[in-house]
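Structural characterization, general
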Amino acid sequence: RLVESGGGLVQAGGSLRLACAASEDTFSKYTMGWFRQAPGKEREFVAAISVSSDETNYADSVKGRFTISRDNTKNTGYLQMNSLKFEDTAVYLCASGIGSVVAGWQSYFSWGQGTQVTVSS
């Protein structure tokens, strides 16, 4: 089970740090990804990180602004979001997957409920 936290309302240009807490130690065995979904839009890949944190992948829209990380000793993943833009507004979901960091959402088998991020312009 995955639980996201850290969302909220922030002004454009601001920062937020999302966390994804897993209830099981198996978290450390899987790729972790962050996705987002805005109202009326499809789920969108944001970032992914490998088990050992040696590989990451980012959507072009967040590259250079967002940083994904994980702490397997705490069964927790993170998404540091800087220079937030209005178009980053969405529900952010974390997920565990069996594929590589470039695999599609179909490779993710466990999803959190999401945390709302709202960026005011």
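Please read all numbers here as calculations on a predicted model, not as lab measurements.

1. As for the overall build of the protein
Along the protein, the regular secondary structure elements total 0 helices and 11 strands. Ordered by position from the N terminus, the helices and strands of the protein form the series β-β-β-β-β-β-β-β-β-β-β. For the protein, the C-alpha radius of gyration of 13 Å lies close to 14 Å, the compact-globule estimate for 121 residues. Counting every atom, the protein has about 6300 Å² of accessible surface; 49% of that belongs to carbon and sulfur. The centroid of the 11 positive side-chain charges in the protein is displaced by 3 Å from the centroid of its 11 negative side-chain charges.

2. Describing the sheet that holds strand 8 (residues 76–81)
With respect to topology, 4 strands assemble into an open sheet ordered 1-3-8-7, the strand pairing being antiparallel. One side of each edge strand has no neighbouring strand; the edge strands of this open sheet are strand 1 (2–5) and strand 7 (66–71). This sheet shows a mean twist of 15 degrees between the axes of neighbouring strands, independent of strand direction. Where strand 7 lies against strand 8, 6 bridges are found, and the strand directions are antiparallel.

Reading the values: the criteria
- Residues numbered from 1 in each chain as written.
- Predicted model: local features only at pLDDT ≥ 70, side-chain atom pairs only at ≥ 80, totals over all residues.
- Heavy atoms only, no water.
- Helix = DSSP H or I, 4+ residues; strand = E, 2+ residues; numbered from the N terminus.
- Rg over C-alpha atoms; globule rule 2.2 N^0.38 Å.
- Areas by Shrake-Rupley, 256 points an atom, 1.4 Å probe, with all protein chains shown as cover.
- Lys, Arg positive; Asp, Glu negative; His and termini not counted.
- Charge placed at Lys NZ, Arg CZ, Asp CG, Glu CD.
- Pairing = 2+ DSSP bridges.
- Axes fitted to C-alpha atoms, helices over the stretch in contact; angles between N-to-C directions.

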